[in-house]
Amino acid sequence: MIPRTEGFLTSADGEQIWYETAGTGPDLILTHGLGGNAAVWYQQVPYFAQNYRVITWDQRGFGRSTNNDGNHGPRAAVSDLREIMDLLNVDRAHIVGQSMGGWAALGTAIESPDRVESVVLACTTGGIPVGFGPEVNPPVAAGPVTARPLGVHPAVGERLLSLDPARAYLYQALGSFGHRPSDAEFFRILTNYTYGPSVLAGIDVPVLMIAGELDALMTPERIRSAAQFLPKSEVIELAERGHSPYFEDPHAWNQLVADFLAEVRTCETL
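Residue numbers here run from 1 along each chain, matching the order of that chain's written sequence. Given that this is a predicted model, residues contribute local features only at a pLDDT of at least 70 and side-chain atom pairs are listed and counted only at 80 or more, while totals for whole chains, interfaces and linings are drawn from all residues. Based on all heavy atoms of the structure, the side-chain values leave hydrogens and waters out of the count.

**Re the overall build of the protein**
Secondary structure elements are defined from DSSP: runs of H or I of at least 4 residues count as helices, runs of E of at least 2 residues count as strands, and each element is numbered from the N terminus. Along the backbone of the protein there are ten helices and eight strands. Radius of gyration: over C-alpha atoms. The globule rule applied is 2.2 Å multiplied by the number of residues raised to the 0.38 power. Against the 2.2 N^0.38 benchmark of 18 Å for 270 residues, the protein shows a C-alpha radius of gyration of 17 Å, consistent with a compact globule. Three labels apply to residues, based on accessible area from a 1.4 Å probe with only protein chains included: buried if under 20% of the type maximum, exposed if over 50%, partly exposed otherwise in between. Split into buried and exposed, the 270 residues of the protein put 54% on the buried side. Each accessible area value is a Shrake-Rupley result obtained with a 1.4 Å probe; residue values ignore everything except the protein chains displayed when judging cover. When the accessible surface of the protein is totalled, it reaches about 11700 Å², and 55% of it is carbon and sulfur. All tallies of charge rest on Lys and Arg as positive and Asp and Glu as negative; His and the ends of each chain are not included. Where a charge sits is defined by one atom per residue type, namely NZ (Lys), CZ (Arg), CG (Asp) or CD (Glu). For the protein, the centre of its 18 positive side-chain charges and the centre of its 31 negative side-chain charges are spaced 1 Å apart.

Structure follows, in structure tokens:
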């Protein structure tokens, strides 16, 4: 049996931030993107919990976490993540950030470099100033008339919908939980929140950057441009995959990340 805990962190400014741990071993933190919450990692947690203590959490306004004061965005996310690490006695962790979660992952590596073993930026520039969009269509307004068709979401694309419509619908449904700000507001916040080149050059941990060939939001070209700012980065592109290959093709994504983490751990012991 894999041990599991869950609870709420009361943040420094009074928000309730939900977190979960599963497994034992080195700490691996998974930080979700704009299209989901901690539950979106359901295909990763059981896999990695066999060898790691996997920590997932809901960012402010997503899933079970509150956002009463509207103080959301990368700065708050980095603060919340560091407080979760304190609460759970995390000394050093491997941090994975998917899309929006990349801002928190990279920001934590910048602000607490002694507490980060490695970073995985999954389909995200994570605040590296190379921009993103506008290849993706603008978000559709809420409401029964204008809601997207069943299972349609720009973050998973058409391939998953044709192969597994139930899982495509699950992704669509997960993004509706909580009381988060609109996609448009978050796009504005993320676009305006970047980390300077000199700061990025000081990140001295291995960084894996995953790109999806068909990702129109964080294109492979942008991911490669972003990688040039990081001294210890590598880019791996997944063919025929879109913005969320961790959800669309979890077996390949999990193995890719597992191999990277194993390599990091091997280098640490040499």
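**So, the packing of helix α2 (residues 74-87) against helix α3 (residues 101-111)**
Only the contacting stretch of a helix is used when fitting its axis, a line to C-alpha atoms as for every element, and angles between N-to-C directions run 0 to 180 degrees. In contact at an axis separation of 9 Å, α2 and α3 are set at 65 degrees when each is read in the N-to-C sense. Compared by their axis directions, α2 and α3 come out roughly perpendicular. In this structure, α2 crosses over α3, and the sense of that crossing is right-handed. Residues Pro74, Ala77, Val78, Leu81, Arg82 and Met85 of α2 lie in contact with α3, whose contacting residues are Trp103, Ala104, Gly107, Thr108 and Glu111. Under the scheme applied here, ten amino acids are nonpolar (Ala, Val, Leu, Ile, Met, Phe, Trp, Tyr, Cys and Pro), four are charged (Asp, Glu, Lys and Arg), and all others, including Gly, are polar. Of the residues contributing to the contact of α2 with α3, the split by class is seven nonpolar, two polar and two charged. By definition in this entry, angles of less than 35 degrees are roughly parallel, angles greater than 145 are roughly antiparallel, angles of 65 to 115 are roughly perpendicular, and the rest are oblique. The hand of a helix crossing depends on one turn: near helix anticlockwise from the far one by less than a right angle means left-handed, and clockwise means right-handed. By definition, residues are in contact when any of their heavy atoms lie within 4.5 Å.

**Topic: the pairing of strand β3 (residues 27-31)**
Extensive coverage of β3 is indicated by the burial of five of its five residues. Because side chains alternate across β3, one face comprises the buried residues Asp27, Ile29 and Thr31, and the other comprises Leu28 and Leu30, equally buried. Looking at chain direction, β3 and strand β4 (residues 53-57) are connected through five bridges and run parallel. Across the sheet, residue aspartate 27 finds its bridge partner in β4, namely arginine 53. Here the rule is simple: two strands pair whenever DSSP picks up at least two bridges between them.

**Thoughts on the pairing of strand β2 (residues 16-22)**
Counting buried residues in β2 gives six out of seven residues, a clear majority hidden from the surface. The pairing of strand β1 (residues 4-10) with β2 spans seven bridges and is classified as antiparallel. When the sheet's bridge partners are listed, threonine 5 is paired in β2 with threonine 21. Here β2 runs beside β4; their pairing, made up of four bridges, is antiparallel. Paired with threonine 21 across the bridge in β4 is isoleucine 55.

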